[in-house]
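Coordinate inspection notes
One letter stands for each residue in the lines below.
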Amino acid sequence: MSVYAALGVTPIINAKGSSTRVSGGLLSPVVTTAMAEAAGLCVDMAELQAAASRVIARITGAEAGVVTSGAAAGLLLGAAACLARLHPARMAQLPDAAGMPNEIIVVRSQRNAYDHAVRAAGARLVEVGLPDRYAGAGIRDAELWEIAAAITPATAAILYVLTPHSQPPLAEVVALAHRHQLPVLVDAAAQLPPAANLRALPATGADLVAFSGGKAINGPQGSGILCGRRDLIMSAILQNLDLDLDWNSWNPPAGLIEKQLLPGLPTHGIGRSAKVGKETIVGLLTALELFAAEADEDRTARHLQILDQLLQLTPDLAFTLRPGPVPLLALRAANARAALAELQNGNPAIHLDPSALADGILRINPTCLRPEDLPLLASRLRAVVIPSSEL
Ligand SMILES: *Cc1c(COP(=O)(O)O)cnc(C)c1O
């Protein structure tokens, strides 16, 4: 009996992609084997994160990095690092950020539900800009001078949520921040592929960059990366590790934690609630190596092959191929909303990508589909979806 059957849980057909609610992606056996091996031996967690830092630094070009329990956890730890820096008293005080620079500036159009993690560290978000290009009332978003005008002695950092549409450009925000000795914390959770972004984003000079490990990297569902400046990564990991230790005998791994920079040993920090296990760290590092080693074209070709097999099984459905870093199939349906619900409520449940549902379009994401899912997916789509006659 499968582990899921024993729990009375039915696996789904995932045509949505590696979203958290549909359990992330399908791990390579190379990754799960490494995780099982890691789970069978105990290690010193600081030493393991120091090794992770070396791997992440090699692959991203950043000075240092740690494995987190997700990109959101990376934002929590990154914000906590920007607030507390290397002061154990400030670390102990968070999320009460009174008496220290505690404002994090963010462009209003970049606000989103994930910035909860930044606020959870104790930061107060200061919004700038009027994104009237989204309101249809104008053409502008936030501009650099608006960020500059919001910088005060209370500013701790600038949060930048990266998408292809983010304004002002990241490099300009970084240059402005550095003129004021402020760090930039980048939420790049879903900005992979292209794999080149692993290096390109730290190369902008951004001080901290958070990636999700459970999305395109295809690591453990609850994993992520925070990479960047050495002192900030040191602060982040100090607020995450179990440091219930004796100062005199504490011998942390140099390269990740420079003991001589500290006046004493921090206590359990705000990041303790974002704890990451040894098997997750090893799983993420293994997946990261695989992801970085595969060319984007080869990954896309794998995804296209799955979509092509589905097309051959659904000759009566007029799918269109939507190219992109992750290619998708799109289908305009007369009953898009009802079809999505019926497929989702069936047995097994089939989850489609709902991102264009408002336009009556169903989307198929190939990243979490197995070849053996395709016959059932095709027959359910053909039975349930009423193709639209509209163009
Ligand atoms: C998915 C996502 C996150 C959260 O990533 P996790 O690894 O699931 O914690 C944060 N920010 C953005 C923009 C995302 O798309």
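All figures in this text were calculated on a predicted structure; none of them were measured in a lab.

1. With respect to the layout of surface pockets
Roughly 440 Å³ of volume is contained in the second largest pocket. Tyr4, Pro11, Ile12, Val22 and Ser23 are the residues nearest the centre of the second largest pocket, which is lined by 16 residues in total. Across the lining of the second largest pocket, the residue classes tally to 7 nonpolar, 6 polar and 3 charged.

2. As for the pattern of salt bridges
Within this structure, the stated rule accounts for 17 salt bridges. Note that Arg111 is salt-bridged to Glu127, the shortest N-O span being 2.6 Å. Here Arg111, found in the loop between strand 3 (103-107) and helix 6 (116-120), pairs with Glu127, found in strand 4 (residues 124-128); they are 16 residues apart in sequence, far enough to count as distant. Among the residues examined, Arg111 registers a relative accessible area of 30% and is labelled partly exposed. Among the ionic pairs, Arg370 bridges to Glu372, the shortest N-O distance being 3.6 Å. You can call Arg370 partly exposed: its relative accessible area is 38%. The network of salt bridges with shared partners includes Arg108, Arg111, Asp115, Arg119 and Glu127.

3. Overview of the sheet that holds strand 9 (residues 320-322)
Spatially, 9-10-12 is the arrangement adopted by the 3 strands of the open sheet, whose pairing is antiparallel. Every other strand in the sheet has two partners, leaving strand 9 and strand 12 (361-364) as the edge strands with one partner each. Here the average twist between neighbouring strands, direction ignored, is 35°.

4. Regarding a nonpolar patch on the surface
Side chains of Val3, Tyr4, Leu7 and Val9 sit close together on the surface and give an oily, nonpolar patch of about 440 Å² of accessible area. Residue placement: Tyr4 occurs in helix 1 (residues 3-7). Relative accessible area serves as the criterion here: at 46%, Tyr4 is assigned to the partly exposed category.

5. Observations concerning the packing of aromatic side chains
Aromatic ring pairs are described here by two measures, namely the spacing of the ring centres and the angle between the planes. In total, this model carries 1 aromatic pair according to the counting rule given. Arranged with centres 5.9 Å apart and planes meeting at 45°, the rings of Trp247 and Trp250 form a pair that is tilted. According to the relative accessible area criterion, Trp250 is buried, its value standing at 8%. Of note, Lys259 hangs over the ring of Trp247, and the distance from its end group to the ring centre comes to 4.7 Å.

6. Re the sheet that holds strand 2 (residues 64-68)
In space, the 7 strands of this open sheet follow the order 2-8-7-6-5-3-4, with mixed pairing throughout. Two strands in the sheet have a free side with no partner beyond their single neighbour: strand 2 and strand 4. Across the sheet, the mean angle separating the axes of adjacent strands is 25° when strand polarity is ignored. By the bridge criterion, 4 bridges tie strand 3 to strand 5 (residues 155-161) in an arrangement that is parallel.

7. A few points about helix 13 (residues 296-313)
In this model helix 13 runs 26 Å from its N-terminal to its C-terminal C-alpha over 18 residues, within 8% of the 26 Å that 1.5 Å per residue would give. Residues of helix 13 that are buried include every one of Arg299, His303, Ile306, Leu307 and Leu310, and no others. End-on view of helix 13: buried residues confined to an arc of 90°, all on one side of the axis. Across from the buried face of helix 13, at angles greater than 90 degrees, the exposed residues are Glu297, Gln305 and Gln312. The secondary structure elements touched by the buried residues of helix 13 are helix 12 (278-293), strand 9, strand 10 (328-332), strand 12 and helix 15 (374-384).

Definitions and cut-offs
Residues numbered from 1 in each chain as written. Predicted model: local features only at pLDDT ≥ 70, side-chain atom pairs only at ≥ 80, totals over all residues. Heavy atoms only, no water. 1 Å grid on protein atoms, 1.4 Å probe; cavity = no way out; pocket = protein on both sides within 12 Å on 5 of 7 lines; lining within 4 Å. Points joined across faces, edges and corners; volume = space filled by probe spheres on them. Nonpolar A, V, L, I, M, F, W, Y, C, P; charged D, E, K, R; others polar. Salt bridge = Lys/Arg side-chain N within 4 Å of Asp/Glu carboxyl O. Helix = DSSP H or I, 4+ residues; strand = E, 2+ residues; numbered from the N terminus. Buried < 20%, exposed > 50% of the residue type's maximum accessible area, 1.4 Å probe, protein only. Pairing = 2+ DSSP bridges. Axes fitted to C-alpha atoms, helices over the stretch in contact; angles between N-to-C directions. Patch = residues over 30% accessible without salt bridge, like charges linked within 9 Å, V, L, I, M, F, W, Y side chains within 5 Å. Areas by Shrake-Rupley, 256 points an atom, 1.4 Å probe, with all protein chains shown as cover. Phe/Tyr/Trp six-rings, centres within 6.5 Å; stacked < 30°, edge-to-face > 60°. Lys NZ or Arg CZ within 6 Å of the ring centre and 35° of its normal. Expected span 1.5 Å × (residues − 1). Arc of directions from axis to C-beta. Contact = heavy atoms within 4.5 Å.

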